[in-house]
Every structure is written in structure tokens, then in C-alpha cells.
Amino acid sequence: MPSPRVMHQAVCERDKSFEGVFWLGVTSTRIFCRPGCPARTPKPENLRFFPSVAESLAHGFRPCRRCRPLERCGETPDWLRPLLAEVEKDPARRWRDAELQAAGFHPVRVRRWFQSQHGMTFHGYLRARRLGAALGKIGEGEPLLNAGFDAGYESVSGFREAFEKMFRLSPGRARNQTALVVRPLTTPLGMMVAAATDTELCFLEFHDRRAFEAQVKTLARRAGATYSPGDNAILQQTELELEEYFAGTRLDFDVPMAMPGSDWERSVWEQLLAIPYGETCAYSDIAKTLKRPKASRAVGTANGRNRLTILVPCHRVIRADGSLSGYGGGLWRKQKLLDHEREVRGAS
Ligand SMILES: [Zn+2]
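Residues numbered from 1 in each chain as written. Predicted model: local features only at pLDDT ≥ 70, side-chain atom pairs only at ≥ 80, totals over all residues. Heavy atoms only, no water.

Visitor: Any details on the overall build of the chain? Residues and values, ideally.
Guide: Counting its regular elements, the chain contains 14 helices and ten strands. For the chain, the residues scored as buried account for 50% of the 348 residues in total. The contacts of the chain with a sequence gap of at least 6 include a subset with a gap of at least 24, amounting to 63%. Summing over all exposed atoms, the chain offers an accessible surface of approximately 16,300 Å²; the carbon and sulfur share of this is 50%. (Helix = DSSP H or I, 4+ residues; strand = E, 2+ residues; numbered from the N terminus. Buried < 20%, exposed > 50% of the residue type's maximum accessible area, 1.4 Å probe, protein only. Contact = heavy atoms within 4.5 Å. Areas by Shrake-Rupley, 256 points an atom, 1.4 Å probe, with all protein chains shown as cover.)

Right, dumping it as C-alpha cells:
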């Protein structure tokens, strides 16, 4: 992104040549805009800049109704406009493919448009709208239960329900449970959410991954944990180490990690930790090492249940034929992580 000074000037001048280069969020209204938005120029201290629509959403901003940042200068096909309008009317609504179809939208077409325009699926976008708003506010220190009540969530019930389920905060229950502190972390591959106790990192995952909510629930059950917003030394260390990882100056992680799971899952995760930086290994290799040569599929399942993305490098496991296979955070991220590691290794 350009420097903040340049971006601020572009906003003041409503410079359309910066369209697609950055997006701006206005903290007083929690709205994000394109640089050329005709709405009143916000005070500099209320401005935040983002490199993508996804990032703006993940920080808890909702799209401006005036400049419609999702639609990008008239590029939005006519067939899609009614759907975007529906989403704005009720952001908490979950759309099944069948419902899309019934409303006259072709699910594959919708998915393709979101993927090509915003690098995320339609469902990823909806999830980002549901969770991002709350996490963004938590990141700014708002009380948990207030998060999600404004910021464009006219239809709050579904949102609040989903959120309370995820970060269950029942004071009675909290007494005998591990307290996990949770906050969003920004990475070059998008927003992640991290949770840690005072001594260990327990959760690190891309916020838009499909199984995100399920993962959080499983962890809460396994660790007997409740979540509260905030920050601590473990989360700060994680953020720093991730920065170093993406800068190519860190190959291994030192932050203490907790990995509650079944014996099988833990044995697979231990194997993942043994795969060297920049290298890959096949599901079947891990199955053989664990003396269960026919258990490739079970290795894949345990791999998918890893809750410490990047740190426990499940992205380094591929199919025996060399193809990438699946990745919870999206295949494009798996490819980018592997490319990044190979590049760093090649350079050293
Ligand atoms: Zn605007």
C-alpha cells in the first residue's frame, strides 16, 4: 500500500486512480469506502487503510452504501446486484446453494464472481461479515457482548447467537475453566484469529476458513475453555514470530503451543512438526512412519483438525502424486505458504 500520507491525500482529493489499490475504513461510523467515495471527507484520526475488501471486513467495517466498495466502479454485473442488496438487508442470513438457486442466482456463478473479485467465496464473504465485525470491535477493546450490536447489524439476532455460541461467556461456567484470550492478527494472507492462555498458544486459524466455528467449539470442549477478548504476552510473541516468518527471517516457531487432541491426532501433529521448512511430505509417508500404512485418510483427517495453522505446518503435507490436496484455509494459501518457504530456502 502507498504511505498513509499519500492515501490520506487521495481520499481528500477523491482520487479515483487509487481504486483497487486500497480501501479506507472510518472508525467513527465503522463503514469502509473506495478512495473516490463522494461522501464527506472523514477526519484523518478516524481513518484506517486496508489493502483489500476482505481485510476491511475482517477489521469490522461494513461496505458504504454510497460508493459500494464491493461493486468496484460499475463492474458489478446486473444479475448480482439484487443479491448484494439482499445481503446488506440481512447480513446474518446464511444462504444455502438451494436458496440461492430459488432466488434466481446461480451458486457457481456467484462463487466465481466473489472469488475473482475479492479472492474469497460468497460464503467466505458472509462469514467475514458475521465474524469480522465482532472481532474488529473486540480488537479495539469493546466489551464482548456489545460487539456486533451496531456496525450495520440491523438483524442482530443470528449474529449474536452465533457469536455467543462461539465465544461462550457464561460467568458461572467460566469459574473452573481455562480462560483463553482471543484477538485477531493481521498477516499477508489475511486475518487470522489467535487464542492463548497465559502460558500457551491454543488456536491460530484464518478467520474465513470453512470450519472456523466448529474448530473454536471443539477447542472449547477439549480444553474446557472460555474466551475473552484481549491481548497477552503469548499473543504478542505469536504476532512477532508470524511477522518474522512472513519476512523470511524465521524458519521455526518458539512460542509455546498447546495441542489438546486424541492420541492419534497428537501423533500426526508431532509428525507435521518434524517436516522441515520448505519441504513437503505425503499423507502416506506419515501413515507409514506411524506404522499404519493404510491410514493415509485418517492422517488427512487429523491434519485437517490441526488448530495451529502455519505453526504446525499442515500445509507441508501433499498427496503422494505431488498434488496439493485440500487445505482448510484455502488451496491458494497452501500454495503461497509453500512458494514462500521454497523461495526463502532457495535464497539462503
Ligand atoms: Zn463510500
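After that view, the rundown keeps rolling.
Visitor: Now, about helix α1 (residues 4-12): what can you tell me, with residues and values included?
Guide: Each full turn of the α-helix corresponds to 3.6 residues, which orients residues three or four apart in the same direction. Looking only at α1, the buried set comprises M7, A10 and V11. One face of α1 carries all of its buried residues, which in axial projection span an arc of 100°. Against β1 (23-26) and β3 (47-50) lie the buried residues of α1. At the C-terminal side of α1, R14 shows a positive phi close to 50°. (Arc of directions from axis to C-beta.)

Visitor: Now, about the pattern of salt bridges: what can you tell me, with residues and values included?
Guide: Side chains that differ in sign of charge can pair as their charged atoms come close. Counting across every chain of the model gives eight salt bridges. Between R111 and D97 there is a salt bridge whose closest N-O contact spans 3.1 Å. Taken as a pair, R111 in helix α5 (residues 107-118) and D97 in helix α4 (residues 97-102) lie far apart in primary sequence, 14 residues in all. Between E279 and R345 there is a salt bridge; the shortest N-O distance is 3.2 Å. Highlighted residues: E279 in the loop between α11 (263-273) and β9 (281-282) and R345 in helix α14 (residues 331-347), separated in sequence by 66 residues. Here E279 falls in the partly exposed class, since its relative accessible area comes to 31%. Overlapping salt bridges, with partners in common, bring together E241, E244, R250 and D254 in one network. (Salt bridge = Lys/Arg side-chain N within 4 Å of Asp/Glu carboxyl O.)

Visitor: I'd love a proper account of the coordination of the zinc ion, names of residues and values included.
Guide: Looking at the zinc ion, one finds its protein donor set to be C33 (SG), C37 (SG), C64 (SG) and C67 (SG), positioned 2.2 to 2.4 Å from the metal centre. Every donor counted, the four donor atoms about the zinc ion form angles of 104 to 126° at the centre, which fits tetrahedral coordination. Binding-site remark: the zinc ion is held by donors from one chain whose sequence spacing is C-x3-C-x26-C-x2-C. Among the residues examined, C33 registers a relative accessible area of 7% and is labelled buried. Taking the relative accessible area as the measure of exposure, C37 reaches 8% and is therefore buried. (Donors = N, O, S within 2.8 Å, 3.2 Å for Na, K, Ca; no water. Tetrahedral: all angles 85-135°; square planar, octahedral: opposite > 155°, others 65-115°.)

Visitor: Break down the sheet that holds strand β4 (residues 62-63) for me, citing the residues and quoting the values.
Guide: Overall, mixed pairing links the four strands, which are arranged β3-β1-β2-β4 in an open sheet. With partners counted over all chains shown, the strands left at the sheet margins are β3 and β4, one partner each. As paired elements, β1 and β3 share four bridges and run antiparallel to each other. Bridge pairing in β3 places V26 opposite L47. (Pairing = 2+ DSSP bridges.)

Visitor: Describe the pairing of β1, and please don't skip the residues or the numbers.
Guide: Both faces of β1 are covered, namely the face carrying W23 and G25 and the face carrying L24 and V26. Pairing geometry for β1 and strand β2 (residues 31-33), over three bridges, is antiparallel. Note on β2: the bridge partner recorded for G25 is F32.

Visitor: How would you sum up the nonpolar core? Please name residues and give values.
Guide: Most often, soluble globular proteins have nonpolar side chains that are buried together. L201, L204, L242, L272, I310 and L311 are the most contacted members of the largest nonpolar core, which has 39 residues in total. Secondary structure elements with two or more residues in this core: β5 (178-187), β6 (190-196), β7 (201-206), α10 (233-247), α11, α12 (283-289), α13 (296-304) and α14. Here this core takes five residues from α10, the largest share from any one element. Of all hydrophobic cores here, the second largest spans 22 residues; its members include A54, L83, W113 and M120. (Core = buried A, V, L, I, M, F, W, Y, C linked by side-chain atoms within 4.5 Å.)

Visitor: Before we move on, could you go through the packing of aromatic side chains and cite the residues and values that matter?
Guide: Considering all chains together, one arrives at eight aromatic pairs under this definition. Ring centres 5.5 Å apart and planes at 85° place the aromatic pair F22 and F49 in the edge-to-face group. A residue pair is termed long-range when its members are at least 10 positions apart, and F22 in the loop between α1 and β1 and F49 in strand β3 qualify at 27 residues. Both residues of the pair, F22 and F49, count as buried. On the numbers, 5.1 Å between centres and 85° between planes, the contact of W113 with F114 is edge-to-face. Side by side, W113 and F114 carry an identical accessibility label, which is buried. Among the aromatic residues, those joined into a cluster by ring pairs are Y245, F246, F253 and Y277. Residue placement shows R292 over the ring face of W264; its charged tip is 4.3 Å from the ring centre. It is R333 that lies over the ring of F206; its NZ or CZ is 3.9 Å from the centre. (Phe/Tyr/Trp six-rings, centres within 6.5 Å; stacked < 30°, edge-to-face > 60°. Lys NZ or Arg CZ within 6 Å of the ring centre and 35° of its normal.)

Visitor: Tell me about the side chain of R307, residues and numbers included.
Guide: Of note, R307 is situated in the loop between α13 and β10 (317-318). Buried charge without a salt bridge: R307, with E265 as the nearest opposite-charge side chain at an N-O distance of 5.6 Å. (Lys, Arg positive; Asp, Glu negative; His and termini not counted.)

Function cannot be inferred from these measures alone, as they are strictly geometric.
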